[in-house]
Amino acid sequence: MIGRLLVWAGIALILTVPVASRATDHVVTVEQLVEALGEAGEPETRWRAAEHLGRLGVGSETVVSALVYSLDWDVDPAVRGHAAQALGLVGAGTDGTIESLIETLELDDSLMVRWRVVEALERIGSATDEVSAVLVEVLRTDKFPGVRARAAEAIGSVCPATESVVPILTKALLSDNHPGVRWQSARALEACAVRLQHAKATGEISALREALIALSAQHQPDILTNAAAVRRVIENLEQELGRE
């Protein structure tokens, strides 16, 4: 028993030391981290284990399963949040990871956890319709402004060229009551516009014009810069349309 406690104390100590400063003889294995993640006791040991698993980037079935379990069942929101963050780093291409993250958004009421789940979906969801739809729903309905803003940022990152989210971002820009959400929506509109230009999506010109009107009505310099970028995209798409 004493030996086991000393092992966990050692792991906890090592996990608090920056990776670059650790001596080579203080290496914690993936197996030890997975075990630490499932241990009862101090939440800090568990969330540091999750954090370190994400940094290691080992996306084995064992690691992903342990992180999903922590995301679903750990009582501490810091542990669940770090598990979600780690899944965003190692869970790409693993069956069930996206589904587990989406289910967490349906059930978990912690701001930290929801923010981290949106971040993870952005990292591993690419431009899939499933992830885009979930991010749109978060932008529309989440009660936390910070989570809505993070969803807008993520939409700008994964913006699919096959399904326009421009009207949704435009609505958020015009109607959300939080300035951070409106700012991120404006940035996402520019990012999506650029992606639509690369895809030569001339069918989105009308939606982009509506977005330009909304952007141009704002007074913040940053958002007016976004408006200028969207205007250039519209001009380029109109030229492309003339060549068709």
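Structural notes, computed from the coordinates. (Residues numbered from 1 in each chain as written. Predicted model: local features only at pLDDT ≥ 70, side-chain atom pairs only at ≥ 80, totals over all residues. Heavy atoms only, no water.)

## Some details on the overall build of the protein
- Per the secondary structure count, the protein includes 13 helices and 0 strands.
- Overall, the protein shows an N-to-C arrangement of helices and strands of α-α-α-α-α-α-α-α-α-α-α-α-α.
- The buried share of the protein, reckoned over its 244 residues, is 48%.
- Counting only contacts in the protein whose residues sit at least 6 apart along the sequence, the fraction spanning at least 24 positions is 65%.
- If you sum the accessible surface of the protein, you get close to 12300 Å²; carbon and sulfur atoms cover 55% of it. (Helix = DSSP H or I, 4+ residues; strand = E, 2+ residues; numbered from the N terminus. Buried < 20%, exposed > 50% of the residue type's maximum accessible area, 1.4 Å probe, protein only. Contact = heavy atoms within 4.5 Å. Areas by Shrake-Rupley, 256 points an atom, 1.4 Å probe, with all protein chains shown as cover.)

## Digging into the side chain of Arg150
- Within the secondary structure, Arg150 sits in helix α9 (residues 145–158).
- The contacts of Arg150, once residues within four sequence positions are left out, are Trp115, Val118, Glu119 and Glu122.

## Focus: the nonpolar core
- Leu67, Leu101, Leu121, Leu139, Leu169 and Leu208 are the most contacted members of the largest nonpolar core, which has 74 residues in total.
- Not counting residues up to four positions away in its chain, the partners in contact with Leu101 are Leu71, Ala84, Leu87, Val117, Ala120, Leu121 and Ile124. (Core = buried A, V, L, I, M, F, W, Y, C linked by side-chain atoms within 4.5 Å.)

## Some points on the environment of Ile102
- Inspection of the secondary structure puts Ile102 in helix α6 (residues 97–107).
- Classification of Ile102 as buried rests on a relative accessible area of 13%.
- Once the C-alpha coordinates of Ile102 and Arg114 are considered, the two residues, 12 residues apart in sequence, prove to be 9.8 Å apart.
- Contacts of Ile102, omitting those with residues within four sequence positions, involve Leu121, Glu130 and Val134.

## Things to note about the state of the cysteines
- Summed over all chains, the structure comprises 1 disulfide.
- Sulfur-sulfur distance for the disulfide between Cys159 and Cys192 comes to 2.3 Å. Sign of the S-S torsion, about 135° for the bond between Cys159 and Cys192, identifies this disulfide as right-handed. Highlighted residues: Cys159 in the loop between α9 and α10 (166–175) and Cys192 in helix α11 (residues 179–198), separated in sequence by 33 residues. Neither residue differs from the other here; Cys159 and Cys192 are each classed as buried. (Disulfide = S-S within 2.5 Å.)

## Let's talk about the packing of aromatic side chains
- Under the counting rule described, the total for this entry stands at 0 aromatic pairs.
- Arg150 extends its terminal NZ or CZ atom over the ring of Trp115, reaching a point 5.1 Å from the ring centre.
- Over the ring of Trp183 we find Arg187; its NZ or CZ atom is 5.0 Å from the centre of that ring. (Phe/Tyr/Trp six-rings, centres within 6.5 Å; stacked < 30°, edge-to-face > 60°. Lys NZ or Arg CZ within 6 Å of the ring centre and 35° of its normal.)

## Comments concerning the pattern of salt bridges
- Within this structure, the stated rule accounts for 12 salt bridges.
- With its nearest N and O atoms 2.8 Å apart, the salt bridge here joins Glu44 to Arg48. Of this pair, Glu44 and Arg48 both sit in helix α3 (residues 43–56), 4 residues apart, roughly one helical turn.
- Under the relative-accessibility criterion, Glu44 is labelled partly exposed at 37%.
- The shortest N-O distance in the salt bridge between Glu51 and Arg55 comes to 3.7 Å. Of the two residues, Glu51 and Arg55 are both situated in helix α3; the distance of 4 residues between them amounts to about one turn of the helix.
- In this structure Glu51 comes out as partly exposed when scored by relative accessible area, which is 21%.
- Taken together, the shared-partner salt bridges connect Glu122, Arg150 and Glu153 into one network. (Salt bridge = Lys/Arg side-chain N within 4 Å of Asp/Glu carboxyl O.)

## Things to note about helix α4 (residues 61–73)
- Given a rise of 1.5 Å per residue, 13 residues ought to cover 18 Å, and the 18 Å separating the end C-alpha atoms of α4 matches this to within 8%.
- Restricting attention to buried positions, one finds in α4 the residues Val63, Val64, Ala66, Leu67, Val68, Ser70 and Leu71.
- Summarising the contacts, the buried residues of α4 are in contact with α2 (30–37), α3, α5 (77–90), α6 and α7 (111–125). (Expected span 1.5 Å × (residues − 1).)

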